[in-house]
Amino acid sequence: MCVVTFDWEENDAGEKVRRFRKKKSLVWAVIEVTNSCNLNCIWCYANSGNKAKIRREHMGLAELKKLVGMLKDSGLNQITYSGGEPTVYPRIREAVKIAKDNDFVVHMNTNGFVLTRGFARELKSLGLSQIQTNIDSVDPKKHDYLRGREGSFYRAVSALKNARKIGITCVSQTVLTKENETETVGIFELARSLGLQRCRVWDMMPSSGCALENFDIRPTNYIESLRKLTKFAEGTGGKHIESGEPFFPLDFETSLRVSHIPCVASHGVLVNFAYNGDVYYCVTQRKPMFNVFSDVEGGFEEFYMVKLREFLKKAKLNPGCTECELFDKCGGGCYTRRSYSSERTDYWCPRVLNRQPQGASPDVSHSPA
Ligand SMILES: C[S@@+](CC[C@H](N)C(=O)[O-])C[C@H]1O[C@@H](n2cnc3c(N)ncnc32)[C@H](O)[C@@H]1O
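The structure presented is a predicted model; accordingly, all values stated were derived computationally and were not measured.

As a further point, take the pattern of salt bridges. With the rule as written, the count across this model stands at 19 salt bridges. Between K72 and D103 there is a salt bridge, with the nearest N and O atoms lying 3.9 Å from each other. Of the two residues, K72 sits in helix α2 (residues 61-73) while D103 sits in the loop between α3 (92-101) and β4 (105-109), which places them 31 residues apart along the sequence. Of the charged contacts, one joins R198 and E242 as a salt bridge, the two residues approaching to 3.8 Å between their closest N and O atoms. Residue R198 is located in strand β7 (residues 198-203), and its partner E242 is located in strand β8 (residues 240-243); the two are separated by 44 residues in the primary sequence. Each member of the pair, R198 together with E242, is buried. Among the charged side chains, a salt-bridge network with shared partners connects D203, E245, R337 and D346.

Written out as structure tokens, the structure is:
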């Protein structure tokens, strides 16, 4: 996902990028420890809340230990637990401890629904240092509708308050859709009023399951929303933007410091694992590249880089992209967005957007590659 994070405070987030620039190899892993979830989000790429289609499965603790060991041997330094919902993973306490004992920085993507102050304190004492939690609207009803469960707005806000109070770094996340794109500044204001120094946003991505079925709620212009948020950050003492969006900032001047890695997946900064060891190019690409428990030969990192190169070689690009003057900066845009466009072009590319009538939605064929 092409994530953009706005920071109002200096923090160690830039460390990941600096480390990558030095090492030029994987620094960070996202591990989906379970596919089970207590919400039912309208856009979930993992389809996790779909009880009819998803059988609840968790990663075994022995497998998790093995995986963390492999990642340590490969020199990674950050693990983000995700899912499904990691707080419903029965071994989450051990999972945090195992990662911390192996010297990883430990973060978690959580909807916050069950993150009480006591639970947050326990996880912090075991090594958790940051949570990322969605605020998808300032209107509790709309947030709950997008997240598929009543009460999820208040639980998310209360989790962020709880975690922040005990010294966990809290990041607000927003999946941009047609439903909330006019209120993103309001969402950032709300997050800032909760004392949050990091606010993150990205666009709803085409993927599989309900992310595809409900794809008509994708936003109308992600890049324009990012411009508005940048103005907001500039006017409120923002310090830094970490952009993983190929098209932002491209032709946009800002007084904020910007770290720009246009796609952490294709650059080999980040690796994603499902609960069963399947390895994804990006969390939105649910067709695995390989399985870490059954396929790896030799060292994990070397194997991963070979598979990544093979994957990228097959990635289809509109021939016009390589001749475009933007190509050096955007690399052809996001693989996932490209694979859903009939022309194999990223629908947020300014060249593509300029061809569309004002206010029109991006052109998507809804036919995954
Ligand atoms: C699948 S959830 C797993 C972790 C946890 N349950 C949570 O709510 O954060 C991870 C996050 O990915 C994002 N996400 C899921 N599906 C998406 C999609 N189709 N497009 C963009 N972001 C998506 C949401 O921010 C979601 O909170």
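Bringing unusual backbone geometry into the picture now. With an omega of -10 degrees, the peptide bond between F248 and P249 qualifies as cis. Non-glycine residue D103 carries a positive phi angle of around 70 degrees. Given a relative accessible area of 60%, D103 falls into the exposed group. Unlike most non-glycine residues, R344 shows phi in positive territory, near 60 degrees.

Packing of α3 against helix α4 (residues 117-126) brings their axes to within 8 Å, and their N-to-C directions diverge by 30 degrees. Considering their axes alone, α3 and α4 lie roughly parallel with respect to each other. Between α3, through I92, R93, V96, K97 and K100, and α4, the contact on the second element is made entirely by F119, E122, L123 and L126. A per-class count over the contact of α3 with α4 returns five nonpolar, no polar and four charged.

All right, on to the site of the ligand then. W43, G84, E85, W202 and M205 are the nearest of the 20 residues found near the ligand. In this structure, a nitrogen atom belonging to the ligand sits 2.7 Å away from a main-chain N or O atom of W43. Coverage of the ligand by the protein amounts to 98% of the 540 Å² it exposes when considered alone. Contributions of two or more residues to the shell around the ligand are made by β6 (169-176) and β7.

So, about the sheet that holds strand β5 (residues 128-134). In space, the twelve strands of this open sheet follow the order β9-β8-β1-β7-β6-β5-β4-β3-β2-β10-β11-β12, with mixed pairing throughout. Each edge of the open sheet is held by one strand with a lone partner, namely β9 (257-260) and β12 (290-291). Bridge count for strand β10 (residues 270-273) against strand β11 (residues 278-280) is two bridges, and the pairing is antiparallel. Counterpart to F273 in the pairing with β11 is V279. Along the sheet face, helix α6 (residues 152-165) touches β5 and β6 and points at about 160 degrees away from the line of β5. Contacting β1 (4-7), β6 and β7, helix α7 (residues 184-193) crosses the sheet at an angle of about 155 degrees to β7.

Attention now moves to the nonpolar core. Residues L64 and Y81 are the most contacted members of the largest nonpolar core, which totals 103 residues. Residues within four places of L64 in sequence aside, it is in contact with I31, V33, M59, Y81, Y89, A95 and I98. Membership of the second largest hydrophobic core comes to eight residues, among which are V17, F20, I261 and V269.

Since there are 3.6 residues in each turn of an α-helix, residues three or four apart along the chain are aligned in direction. Among the residues of α7, T184, I187, F188 and A191 are the ones counted as buried. All buried residues of α7 lie within an arc of 100 degrees about the axis, which places them on one face of the element. Downstream of α7 by one or two residues, G195 has phi in the positive range, about 90 degrees.

Now for the pairing of β6. The element β6 is largely enclosed, with a buried count of seven among its eight residues. In the sheet, β5 pairs with β6 via five bridges, with the strands oriented parallel. Along β6, the bridge assignment pairs Q130 with T169. As paired elements, β6 and β7 share six bridges and run parallel to each other. Following the sheet pairing, S172 is matched in β7 by C199. A crossover links β6 with its parallel partner β7, the connecting element being α7, and its sense is right-handed.

About the criteria used
- Residues numbered from 1 in each chain as written.
- Predicted model: local features only at pLDDT ≥ 70, side-chain atom pairs only at ≥ 80, totals over all residues.
- Heavy atoms only, no water.
- Salt bridge = Lys/Arg side-chain N within 4 Å of Asp/Glu carboxyl O.
- Helix = DSSP H or I, 4+ residues; strand = E, 2+ residues; numbered from the N terminus.
- Buried < 20%, exposed > 50% of the residue type's maximum accessible area, 1.4 Å probe, protein only.
- Axes fitted to C-alpha atoms, helices over the stretch in contact; angles between N-to-C directions.
- Parallel < 35°, antiparallel > 145°, perpendicular 65-115°, else oblique.
- Contact = heavy atoms within 4.5 Å.
- Nonpolar A, V, L, I, M, F, W, Y, C, P; charged D, E, K, R; others polar.
- Near = heavy atom within 4 Å.
- Polar contact = N/O pair within 3.5 Å; in protein donor to acceptor, adjacent residues only side chain to side chain.
- Areas by Shrake-Rupley, 256 points an atom, 1.4 Å probe, with all protein chains shown as cover.
- Pairing = 2+ DSSP bridges.
- Core = buried A, V, L, I, M, F, W, Y, C linked by side-chain atoms within 4.5 Å.
- Arc of directions from axis to C-beta.
- Right-handed = clockwise from strand over helix to strand, strands pointing away.

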